[in-house]
Amino acid sequence: MTGTTEPFGARLRRAMDERGPLCVGIDPHASLLAEWGLDDDVAGLERFSRTVVEAVADRVAVLKPQSAFFERFGSRGVAVLEKSVEEARAAGALVVMDAKRGDIGSTMAAYAESFLRADAPLFSDALTVSPYLGYGSLKPAVDLARESGAGLFVLALTSNPEGGEVQHAVRADGRSVGATMLAHLAAENAGETPLGSFGAVVGATLGDLSSYDLDVNGPLLAPGIGAQGATPADLPAVFGAAVRNVVPNVSRGVLRHGPDVTALRNAADRFADEVRTAVAAA
Ligand SMILES: O=C(O)c1cc(=O)[nH]c(=O)n1[C@@H]1O[C@H](COP(=O)(O)O)[C@@H](O)[C@H]1O
């Protein structure tokens, strides 16, 4: 596994242009393992993950393994995660590691080393991070991502209903916490072409976001389609002009079609087509 010096934003823009912007999540829930007829053990995990990679890594822009479902099995689960990242990248997909890390700066540096150092076993094209210890605490990850040609997705406006109590809170200067995170990202990505490498997570479930400036010159990872109730057709109304930078994520909405590889592939293709149609009409 190696990093690259071409920035993540440029690589992502190309992948979105060539393959469409869909991101498929690898979320091996115990309930999905059962539905697929697999045991809730490391062998089941490996079979699940391999199958998803085989089905879609050659056609979607991004795969997003959710680390928690692998960590559940300890070191052997993490070994499966490592292999999945390697296989997905080898098949041409970009990998966003969904580990949502966030800590004081000195510890954040170690998290960054784990996922963003070019020769780290779990090196991924980008990592999800939480800025709720303060955006500045993410600096070691920003710096290492720049050095390795990787990216970050910073939780700004999350898809879950509980997120509002933190992210919609209004600061002394009148700006909400979520809007502040978006402003930090816009500053991070200033002047980058064709797209900056520092993205925001903004849920597709949130309705009209026209009061937020989503023009951060970076990608917007939009979870919430499928199982959480949003649809690709919602994207233009939620994201407005920023819809062209949206990377919509679907996890269970695709995964529930397994274990048949063709059925998984067809489900991903259907979401990809719906996304393409919605973005083109915007
Ligand atoms: O960062 C994320 O990916 C994320 C942020 C967010 O605001 N909401 C959210 O659902 N996610 C993740 O996106 C995936 C959504 O999965 P489904 O609801 O099954 O499509 C899960 O892996 C979540 O952990």
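Conventions and cut-offs
Residues numbered from 1 in each chain as written. Predicted model: local features only at pLDDT ≥ 70, side-chain atom pairs only at ≥ 80, totals over all residues. Heavy atoms only, no water. UniProt positions renumbered as here; feature names shortened; annotations may be inferred. Helix = DSSP H or I, 4+ residues; strand = E, 2+ residues; numbered from the N terminus. 1 Å grid on protein atoms, 1.4 Å probe; cavity = no way out; pocket = protein on both sides within 12 Å on 5 of 7 lines; lining within 4 Å. Points joined across faces, edges and corners; volume = space filled by probe spheres on them. Nonpolar A, V, L, I, M, F, W, Y, C, P; charged D, E, K, R; others polar. Salt bridge = Lys/Arg side-chain N within 4 Å of Asp/Glu carboxyl O. Buried < 20%, exposed > 50% of the residue type's maximum accessible area, 1.4 Å probe, protein only. Core = buried A, V, L, I, M, F, W, Y, C linked by side-chain atoms within 4.5 Å. Contact = heavy atoms within 4.5 Å. Polar contact = N/O pair within 3.5 Å; in protein donor to acceptor, adjacent residues only side chain to side chain. Phe/Tyr/Trp six-rings, centres within 6.5 Å; stacked < 30°, edge-to-face > 60°. Near = heavy atom within 4 Å. Sits in = over half its atoms within 2 Å of the grid points. Expected span 1.5 Å × (residues − 1).

(A) Molecular detail of the UniProt feature "domain: Orotidine 5'-phosphate decarboxylase" (unreviewed entry) in the protein. Here the UniProt feature "domain: Orotidine 5'-phosphate decarboxylase" (unreviewed entry) sits at residues 21-267. Spanning residues 21-267, this segment combines 39% helix with 16% strand, and its end C-alpha atoms are found 15 Å apart.

(B) Region of interest: the layout of surface pockets. Empty space within the largest pocket amounts to approximately 440 Å³. Along its surface, the largest pocket is lined by 24 residues, and Lys64, Lys100, Ser159, Pro223 and Gln228 are the ones closest to its centre. For the lining of the largest pocket, the secondary structure elements donating two or more residues are β3 (94-101), β8 (246-250) and α11 (252-255). Per-class residue counts for the lining of the largest pocket are eight nonpolar, 11 polar and five charged. Space inside the second largest pocket adds up to approximately 160 Å³. Every residue lining the second largest pocket is listed: Arg13, Met16, Asp17, Gly20, Pro21, Val243, Arg244, Val246, Val275, Arg276 and Val279. Counting only elements with at least two residues in the lining of the second largest pocket, the list comes to α1 (8-19) and α12 (261-281). Residues of the lining of the second largest pocket, tallied by class, amount to six nonpolar, one polar and four charged.

(C) Spatial organisation of the pattern of salt bridges. As enumerated under the stated definition, the model contains 18 salt bridges in all. Glu6 is the salt-bridge partner of Arg14, the closest N and O atoms lying 2.9 Å from each other. Assessed through its relative accessible area of 39%, Arg14 is described here as partly exposed. The class of Glu6 is partly exposed, set by a relative accessible area of 29%. For Glu113, the salt bridge goes to Arg117, with nearest N and O atoms at 3.3 Å. By relative accessible area, Glu113 is classed as partly exposed at 38%. Residue Arg117 is classed as partly exposed on the basis of its relative accessible area of 30%. Salt bridges linked by common partners bring Arg11, Arg89 and Asp125 together as one network.

(D) Quick look at the nonpolar core. Leu63, Leu116 and Phe239 are the most contacted members of the largest nonpolar core, which totals 81 residues. Broken down by element, the residue count for this core peaks at eight residues, all from α12. In this view, Phe239 contacts Val202, Gly203, Ala204, Leu214, Leu220, Ala222 and Val246; residues no more than four positions away in its chain are not counted. If you look at the next biggest cluster of nonpolar residues, it comprises 16 residues, including Met16, Val96, Phe153 and Val247.

(E) Region of interest: empty space enclosed by the protein. Across all of its chains, the model carries one cavity of 30 Å³ or more by this definition. In this structure, the largest cavity spans a volume of roughly 40 Å³. Lining of the largest cavity is provided by Glu46, Ser49, Arg50, Val80, Lys83, Ser84 and Glu87. Going through the elements one at a time, α3 (42-56) and α5 (74-90) are the ones with two or more residues in the lining of the largest cavity.

(F) View of the UniProt feature "active site" (unreviewed entry) in the protein. Taking the numbering used here, the UniProt-annotated feature "active site" (unreviewed entry) corresponds to Lys100. Of note, Lys100 is situated in strand β3. Beyond its immediate sequence surroundings of up to four residues, Lys100 is in contact with Gln66, Thr128, Val129, Ser130 and Leu155. Polar side-chain contacts of Lys100 include one of 2.8 Å to the side chain of Asp98.

(G) Spatial organisation of the packing of aromatic side chains. Evaluated as defined, the whole model comprises two aromatic pairs. Measuring from ring centre to ring centre gives 5.9 Å for Phe8 and Phe153, while their planes differ by 90°; the resulting arrangement is edge-to-face. Of this pair, Phe8 sits in helix α1 while Phe153 is found in strand β5 (residues 151-157), placing the two residues 145 residues apart along the sequence. Note on accessibility: Phe8 and Phe153 belong to one class, buried.

(H) Spotlight on the site of the ligand. Near the ligand lie 18 residues; those nearest to it are Asp27, Lys64, Ser159, Gln228 and Arg252. One of the side-chain nitrogen or oxygen atoms of Gln228 is found 2.9 Å away from an oxygen atom of the ligand. The pocket occupied by the ligand, as judged from atoms lying within 2 Å of grid points, is the largest pocket. Looking at the shell around the ligand, the elements with two or more residues in it are β3 and β8. Here the shell around the ligand is composed, by residue class, of six nonpolar, seven polar and five charged.

(I) Spotlight on α3. Between its first and last C-alpha atoms α3 spans 21 Å; for 15 residues at 1.5 Å apiece the expected length is 21 Å, and the two agree. Of all the positions in α3, only Val42, Gly44, Leu45, Phe48, Ser49, Thr51, Val52, Val53, Ala55 and Val56 are classed as buried. Its side-chain oxygen placed 3.2 Å from the backbone nitrogen of Ala43, Asp41 serves as the N-cap of α3.

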